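Each chain is listed here by its residues.
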Amino acid sequence: MDPVGLQLGNKNLWSCLVRLLTKDPEWLNAKMKFFLPNMDLDSRNETLDPEQRVILQLNKLHVQGLATWQSFIHCVCMQLEVPLDLEVLLLSTFGSDDGSTSQLGAEEKSQPESQLHHGLKRPHQSCGSSPRRKQCRTQLELAKKYLQLLRTSAQQRYRSRIPGSGQPHAFHQVYVPPILRRATASLDTPEGAIMGDLKVEDGTDVSISDLFNTRVNKGPRVTVLLGKAGMGKTTLAHRLCQKWAEGHLDCFQALFLFEFRQLNLITRFLTLSQLLFDLYLSPESDHDAVFQYLEKNADQVLLIFDGLDEAIQTKGPDSPGPVLTLFSGLCHGTLLPGCRVMATSRPGKLPACLPAEAAMVHMLGFDGPRVEEYVNHFFSAQPSREGALVELQTNGRLRSLCAVPALCQAACLCLHHLLPDHAPGQSVALQPTMTQLYVQMVHALSPPGRLPTTSLLDLGEVALRGLETGKVIFYAEDIAPPLIAFGATHSLLTSFCVRTGPGHQETGYAFTHLSLQEFLAALHLMASPKVNKDTLTQYVTLHSRWVQRTKARLDLSDHLPTFLAGLASCTCRPFLSHLAQGSEDCVGAKQAAVVQVLKKLATRKLTGPKVVELCHCVVETQEPELASLTAQSLPYQLPFHNFQLTCTDLATLTNILEHREAPIHLDFDGCPLEPHCPEALVGCGQIENLSFKSRKCGDAFAEALSRSLPTMGRLQMLGLAGSKITARGISHLVKALPLCPQLEEVSFRDNQLSDQVVLNIVEVLPHLPRLRKLDLSSNSICVSTLLCLARVAVTCPTVKMLQAREADLIFLLSPPTETAAELQRSPDLQESDGQRKGAQSRSLTLRLQKCQLQVHDAEALIALLQEGPHLEEVDLSGNQLEDEGCRLMAEAASQLRIARKLDLSDNGLSVTGLHCVLRAVSACWTLAELHISLQHKTVVFMFAQGPEEQEGPQERAAFLDSLMLQMPSELPLSSRRMRLTHCGLQAKHLEQLCEALGGSCHLGHLHLDFSGNALGDEGAARLAQLLPGLGALQSLNLSENGLSLDAVLGLARCFSTLQWLFHLDIREVGLCPFSNCCFLSASSFESQHILLRGNKTGRDIWATGSLPDFPAGAEFLGFRQRCIPRSLCLSECPLEPPSLTRLCATLKDCPGPLELQLSCEFLSDQSLETLLDCLPQLPQLSLLQLSQTGLSPKSPFLLANTLSLCPRVKKVDLRSLHHATLHFRSNEEQEGVCCGRFTGCSLSQEHVESLCWLLSKCKDLSQVDLSANLLGDSGLRCLLECLPKVPISGSLDLSHNSVSQESALYLVETLPSCPRVREASVNLGSEQSFWIHFSREDQAGKTLRLSECSFQPEHVSRLATGLSQSLQLTELTLTQCCLGQKQLAILLSLVGRPAGLFSLRVQEPWADRAGVLSLLEVCAQASGSVTEISISETQQQLCVQLEFPRQEENPEAVALRLAHCDLGTHHSLLVGQLMETCARLQQLSLSQVNLCEDDDASSLLLQSLLLSLSELKTFRLNRNSIGDVGCCHLSEALRAATSLEELGLSHNRIGDAGVQHLATILPGLPELRKIDLSVNSISSAGGVQLAESLVLCRRLEELMLGCNALGDPTALGLAQELPQHLRVLHLPFSHLGPGGVLSLAQALDGSPSLEEISLAENNLAGGVLRFCKELPLLRQIDLVSCKIDNQTAKLLTSSFTSCPALEVILLSWNLLGDEAAAELAQVLPQMGRLKRVDLEKNQITALGAWLLAEGLAQGSSIQVIRLWNNPIPCDMAQRLKSQEPRLDFAFFDNQPQAPWGT
């Protein structure tokens, strides 16, 4: 088209556009507001005709630029009904970049600039250059005009908005104020941040007008409005501005509203006037005058800053931007002092510029009434209003979403869209998730039947790009014009004027809400083909709200993961597939990927905030499987600490918990909660523990909680602490608690409750049958209320403890069981029905500590308690009872029936009151202990229950009955302790004290403790005179009383005057350096220890009362009476000769036996000699011990000399010159052997002769221990030379004396000169042992063991020489002595003797690698005749026995035998040598040498060798993997071994075939006495044949066939005719049944030779095993794991009496119970030689064990009874073992070992 035609076409098109828009002026006005948000529409234009007004508006739009004009044209075509031809022309001409838009008619050119910006919107002038003032205008007039300009501008800005297409008129008109709650918080300005952990005052809703009512008249007045996204913060800010414009906020002359999302764009420095005038609204003139007026009237200026969190998002706290600097000045009053500042922000990290006194207000969204109000306004005058209300009432999930105002608006919009299409009363099925709500909102905003997929995805891409870059404001160049038109058409975008300076402004665009931007971004991620699933899953993360505390940058994508999870729902797949244009598979894969990520997150351990975020995501997916996985993965204890939670959060959590089976504990600590939050927990049956701790919780919260509690059926614990709840709130809870009968614990700690409220709470106790704890601590109650609570504790039948201490106030309750518990009794041990006890009576513990109780309160309390139940404990410590109150309580103690403790500590008791208290309790029979310490303010009474009050639990009833039936009629007196410590008592107080104690002494065995007082020597002497009048004490403690050593030693005379005194312990008494007197310095009073003790009796074995006390006399348990020694222990005291002399003189008349234990830092030789010289004066002395006492090097000789000088000394033990012990014989004992131990005494060669000379004077020296000294080789040589002179009859220990191979060789050489040596062993390795054992008389055979001696080749010849000369040495063992095969062969060849036997046992590592042939070759080198060969490769051992002189074999006979051997040349030579050296071989043992059947050379050599061994008596091939073939060859080779006595083939693989061959040769072995075929593969068939063959072995004594599947047929065959000389029969695990076992038992009954029988691991179930005839030699019977029960055991046990030689009984792993134990206990005293009974792994209880202990006590010689793994509690087992040490309950066998020297 030519230019003329183009111009004409544009004019015509312009005219058509004007006519079209003239028809819908309201629509055009709405678009003008969108595209020109800061432009004045100028009401004066209303006078123009409609066409002129449209032309004027179009001109204003066109001059904004091409992008704005194109976006407007797109809106025209999308929203208005435009003819198709006109739409094509508009889009081609005006809607594209190449369209001509320059010529629009003369009207466009004719509009002057002044008309485009008429009215308020004038060109801004910089505040930096103020114009000259006009003289005709005053400052006031200018200010008034500017203030009117501000108000007019706001009025025009908030003029009634025109709804978009398809939107109700109320969409822009409805406003319901959300819940506002004022809060207090300390702003941590040094750290530059505060958190939302705010203490909100519940029940104080704040109205909009109340936001600015403050009592602070000076300083900055700042209000911070905190609310989550969608709570309406921005809406409220604009609402305030609108209200001000309408004249409602008349307290402010000026109001300025700024948004940080726009202010963040400013980077240059600003002054306050520039902020107000350049960026908001500029005065018409004289900026300075207006600003000065604002400064003077600053208290009437309000500045609102919206989006403070976005300022933090852009700039960090360390580098605030220019606007944030201005904001800081305004907050702190440095700029515009006195003005009011309000800021809105999301909860999180706030800037440091906020002052500490800033008012914090929380926006908590909508509650139920507000939601209904909003819906009523939204649907006002519409028929769908009732339907919308019904939908909200029936859809609980939707109702919880509507708690967020933004979501409430979206829901109403969806309902407005959906309800007209449904019949009245029909549900619209509005989806109950936030994501699907947004999806339906998109449908509602879209044209009917059309969903603009491409535009949605493109706009979503813009949204995602903004989220990733932190961008919320977009410009025309950021969004394509069609997208701007699309966003404006569907109310997805909003526009506003962005000013960055004077004259610099442009239109900015933003999504209507940040959550909408996130939703569209999620749509793009899920539906766009540009995004793959790997990229998608990177956005599925959980944002922790705690991160906001420290991060300066707030995340803009809080809801993005939630929307992605919601779009992963199956219900969203059609919608997403439509957006993706049919790519359903791709959409499905993305949805699955999101769900998979959520499953992984659900199994992780998450913090509280992330758990909430995860729950939101899971609920959005509507996946039951995922919800169940999340619910089951939540921890049992789920804490939520210090972050804000909304009602929606709790509703989401409740939704997830509905999929959980297990209970859960929810703990909300420091979380600001909305008052109606508990309503979200209604019906949540999974909650077991629920606790809240927050100052925000108040009456409204309590009221909501009271409505929820009855619906939680599994709730057991309720906690509400640290709240501001009052009587009104408590009243609601008190009414609700009885509706929760399952509650077990309730806590109202730290709630500032009044006295009456506390009393109201405890009234509910009788109505909670399962309650165990009520915590009312930190609630400040008075004493009278406390006494009322004590009365409740006394009268309420379920209370078992009331504890009050300062702020603590706790009730502990014991819920009654449904039925009274009956004691379980054994049928044969029951008492009569009349003697049975009922259920346990209630026992109450009362602790009123530090409660300011006085005497009159004590009187009231005593009167109250006398009417109450039994008292377990009464604790009144820390009060003000003083002497009189303590006396009253002590007198009432016996009447109050206190079972355990009465504590009156810290009540002002004096010495005078002490005597009164002692007299008051003198007649109290139940008092067990009284501890009074006036210095430490301690007064504690401990009581013991009387016999009528003791009630054992059910499980012990049978045990108690059985024991009580055997108890004697008289029980021992009870024991009591009187501890009067640190009371300042002196000698003058003793007489009065003893008088007061006189009554107590006759009530039982008394323990007295006077430690820490000031008795002194005078008091000690006086007390010694008074002690006989106090009766039989158990102990007397006089520590820390300033006694001198003389006074303490004087107490030793009490051994003669006091029959109860057995032990006197003295520690740390010093000597005066200036005289011989002994005294204790004042500085050491605290460490002085003086204790007089009686004998420890056998009572109190059962410490916890599980069993009744046993009598003190030992006759009851059958223990033999023994004389109990007295002991004097003098520790850490200087022991000088005078002191020791006085000590011995004092002890001269002491009754014996006496043990003297001394200890000091160092004991001189003079003192030691003095002590030893005094020994004859003490004939009653049985033990002298010097422990931890330094001794001189001379002390070993002094002590050794006592062995000969003092015949009563039987043992001297000196260790390391610090520990010495002398054991003495009693006068009745005859002289016997003595022992000497001198270890670690640094004895060297120079001491040997002297020591040996002293020891040689002893008549009968049994043992000498000189280990750990410094003898060395030279000292040892000297000792061995002196050894014949020392009369040792036992052993000599020379270990750890730094000896070498030289000493070992010298020992071999000196053995001939020591005729009484029977055995010696030397180990030069890490063990370093050197032992020599002697006999009383000369002994022919000697044994020598040398280990780890590291002999060199040159030592071999010397060793051989020594062995050849030591004719009495018959056995030598060389263990790891570094002898190789060559050296061993040389040694065997060099050892020669005239006659006799010599055994050599070698254990070396190479023995398991050498092979059988090599070892036999070594044996062939022996110089003597080999009579025994034993080889074990696994033990690395070779044993050879030689006989001298060697008898030469006939060469012709050897050659004849070799002729029958098919061997190689080398092997033939070896066999020849063996035939010569082993002609008299009697024992051949090749066990564990891996001799396999395929080893032809070894097998042939063995067969050839066996044919030549005519004298062979013992042949063992155990553990050699011999099978049937090998057994066949061996059987043939053994036919000639007619002298064979023992055949061992155990642990092989011999089966029935091999046994058949073996059975054929056994009758041909007439001397056979033992056969061992255990652990093979013999079955019943082979066993029967073997049994038939064994009948012919007349001399058989030992038969071992265990661990073969022999079965009953074999047992029956054996039983027909057992060898008459049979001594040992082993058939364990032989698959025998009751028939086979019983047949064997009958055959063995009365056997005169039987010594040992083992039938373990066979089946005796139902069989009756017993022996009717005597088995005189039977020593051991093994019946382990034979299924023996009580009935079988009765007959078996009775048979044991027919076995007088029985030593070991093994009955473990059976079914024996207490009945069997009782039977066994009866026969134990009759078995004089029995040593061990094994009863492990049975069913014996504590009763059975006690009966066994009783049987042991009646004189049995048993060493141990094993009871491991029986049903006996550990504590009971310990008590039984303390009573009878021979009962062993341990896993390992701990048999007692004989002590050294016995």
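Residues numbered from 1 in each chain as written. Predicted model: local features only at pLDDT ≥ 70, side-chain atom pairs only at ≥ 80, totals over all residues. Heavy atoms only, no water.

**Brief notes about the overall build of the protein**
And then number 1: Within the protein, the secondary structure is distributed over 63 helices and 56 strands.
And then number 2: Accessible area of the protein: about 74800 Å², with a carbon and sulfur share of 50%. (Helix = DSSP H or I, 4+ residues; strand = E, 2+ residues; numbered from the N terminus. Areas by Shrake-Rupley, 256 points an atom, 1.4 Å probe, with all protein chains shown as cover.)

**So, the side chain of T646**
And then number 1: Positionally, T646 belongs in the loop between β10 (637-641) and α29 (647-657).
And then number 2: Beyond its immediate stretch of four places on either side in the chain, T646 contacts K228, M231, E674 and C677. (Contact = heavy atoms within 4.5 Å.)

**Quick notes on the packing of helix α32 (residues 755-762) against helix α33 (residues 783-795)**
And then number 1: At a minimum axis distance of 10 Å, the contact between α32 and α33 shows a crossing angle of 5°. When the axis of α32 is compared with that of α33, the two are roughly parallel. Residue-level contacts link D755, V758, L759 and V762 of α32 to T785, C788, L789 and V792 of α33.
And then number 2: Tallied by class, residues from the contact of α32 with α33 come to six nonpolar, one polar and one charged. (Axes fitted to C-alpha atoms, helices over the stretch in contact; angles between N-to-C directions. Parallel < 35°, antiparallel > 145°, perpendicular 65-115°, else oblique. Nonpolar A, V, L, I, M, F, W, Y, C, P; charged D, E, K, R; others polar.)

**With respect to the packing of aromatic side chains**
And then number 1: Evaluation of the coordinates by the stated rule reveals 24 aromatic pairs.
And then number 2: Ring centres 5.5 Å apart and planes at 70° place the aromatic pair F519 and F563 in the edge-to-face group. Highlighted residues: F519 in helix α22 (residues 514-527) and F563 in helix α24 (residues 560-567), separated in sequence by 44 residues.
And then number 3: Accessibility expressed as a relative area gives 0% for F519, which makes it buried.
And then number 4: The class for F563 is buried, based on a relative accessible area of 0%.
And then number 5: Among the aromatic residues, those joined into a ring-pair cluster are F256, F258, F260, Y280, F305 and F327.
And then number 6: For R151, the ring lying beneath its charged end belongs to W244, and the centroid distance is 4.3 Å. (Phe/Tyr/Trp six-rings, centres within 6.5 Å; stacked < 30°, edge-to-face > 60°. Buried < 20%, exposed > 50% of the residue type's maximum accessible area, 1.4 Å probe, protein only. Lys NZ or Arg CZ within 6 Å of the ring centre and 35° of its normal.)

**Details of the packing of helix α44 (residues 1195-1205) against helix α45 (residues 1245-1256)**
And then number 1: It is at 8 Å that the axes of α44 and α45 come closest, and there the two elements cross at 20°. On the basis of the axis angle, α44 is roughly parallel to α45. Here α44 and α45 pass one another in a crossing that is right-handed. Counted together, F1197, A1200, N1201 and L1203 of α44 and H1247, S1250, L1251, L1254 and L1255 of α45 form the full contact between these two elements.
And then number 2: Its residues assigned to classes, the contact of α44 with α45 comprises six nonpolar, three polar and no charged. (Left-handed = near helix turned anticlockwise from the far one by under 90°.)

**A look at the pattern of salt bridges**
And then number 1: Overall, the coordinates contain 57 salt bridges when judged by the stated rule.
And then number 2: D1213 is paired through a salt bridge with R1237; the nearest N and O atoms lie 3.6 Å apart. Here D1213, found in strand β33 (residues 1209-1215), pairs with R1237, found in strand β35 (residues 1234-1239); they are 24 residues apart in sequence, far enough to count as distant. For the pair D1213 and R1237, a shared accessibility class is recorded, and that class is buried. (Salt bridge = Lys/Arg side-chain N within 4 Å of Asp/Glu carboxyl O.)

**With respect to helix α16 (residues 385-394)**
And then number 1: Looking at α16, one finds that the buried residues are A388, L389, E391 and L392. The buried residues of α16 all sit within an arc of 160° when viewed along its axis, so they share a single face. Of the exposed residues in α16, those oriented more than 90 degrees away from the buried face are Q393 and T394.
And then number 2: Where the residues of α16 are buried, they touch α15 (368-378), α17 (396-401) and α18 (405-418). (Arc of directions from axis to C-beta.)

**Looking at the environment of S15**
And then number 1: Here S15 lies in helix α1 (residues 3-22).
And then number 2: A relative accessible area of 32% means that S15 is categorised as partly exposed.
And then number 3: Through-space distance from the C-alpha of S15 to that of E51 is 9.8 Å; in sequence the pair is 36 residues apart.

**So, the pairing of strand β26 (residues 1063-1067)**
And then number 1: By the criterion of burial, β26 is predominantly enclosed, with four of the five residues buried.
And then number 2: Inspection of the sheet shows β26 paired to strand β30 (residues 1126-1131) by five bridges, in the parallel sense. Opposite R1067, over in β30, you have S1131 as the bridge partner.
And then number 3: Relative to strand β29 (residues 1089-1093), β26 runs antiparallel, the two sharing five bridges. Each residue of the ladder has a partner; that of I1066, found in β29, is I1090. (Pairing = 2+ DSSP bridges.)

**Structural notes on the side chain of T630**
And then number 1: Its place among the elements puts T630 in helix α28 (residues 624-633).
And then number 2: A distance of 2.8 Å separates a polar side-chain atom of T630 from the backbone oxygen of L626.
And then number 3: In contact with T630, other than residues within four places in its own chain, are A602, L614, V618 and I656. (Polar contact = N/O pair within 3.5 Å; in protein donor to acceptor, adjacent residues only side chain to side chain.)

**Comments concerning unusual backbone geometry**
And then number 1: The omega torsion of the bond from F1444 to P1445 falls at -10°, within 30 degrees of zero and hence cis.
And then number 2: Note on placement: P1445 falls in the loop between β44 (1437-1444) and α52 (1451-1459).
And then number 3: In this structure, S1521 takes a positive phi of about 55° despite not being glycine.
And then number 4: Relative to the elements of secondary structure, S1521 occurs in the loop between β46 (1514-1516) and α55 (1524-1533).
And then number 5: The phi dihedral of H1547 falls on the positive side, at around 55°, and the residue is not glycine.
And then number 6: The residue H1547 is located in the loop between β47 (1542-1544) and α56 (1552-1561) in this model.

**Digging into the confidence of the model for the protein**
And then number 1: Across the protein, the average pLDDT comes to 80, with 83% of residues at or above 70.
And then number 2: Taken as a whole, residues 185-203 scores under 50 in pLDDT and shows 60 contacts with residues more than four places along the chain or in a different chain.
And then number 3: Here residues 1456-1466 is modelled with pLDDT under 50, and outside its nearest four sequence neighbours on either side it reaches 15 contacts, counting other chains as well. (pLDDT = per-residue confidence, 0-100.)

**What to know about the environment of I1090**
And then number 1: Residue placement: I1090 occurs in strand β29.
And then number 2: Considering only alpha carbons, one finds I1090 and N1037, 53 residues apart in sequence, at a separation of 6.0 Å.
And then number 3: Each residue touching I1090, except ones within four places of it in the same chain, is listed here: L1036, N1037, L1038, S1039, L1043, V1048, L1051 and D1065.

**A look at the pairing of strand β41 (residues 1369-1375)**
And then number 1: Of all seven residues in β41, five are buried; the element is thus mostly enclosed.
And then number 2: For strand β40 (residues 1342-1347) and β41, the ladder comprises six bridges, and the chain directions are parallel. Counted as the bridge partner of L1346 is L1374 from β41.
And then number 3: With respect to chirality, the unit in which β40 leads through helix α48 (residues 1353-1365) into the neighbouring parallel β41 is right-handed.
And then number 4: Summarising the sheet, β41 and strand β42 (residues 1396-1403) pair through five bridges and their orientation is parallel. The residue bridging E1371 from the neighbouring strand is S1399, located in β42. (Right-handed = clockwise from strand over helix to strand, strands pointing away.)

**Observations concerning the state of the cysteines**
And then number 1: This model, assessed by the stated rule, comprises zero disulfides.
And then number 2: For C1133, which is in no disulfide, the shortest distance to another cysteine sulfur is to C1160 and amounts to 8.7 Å.
And then number 3: Among the residues examined, C1133 registers a relative accessible area of 1% and is labelled buried. (Disulfide = S-S within 2.5 Å.)

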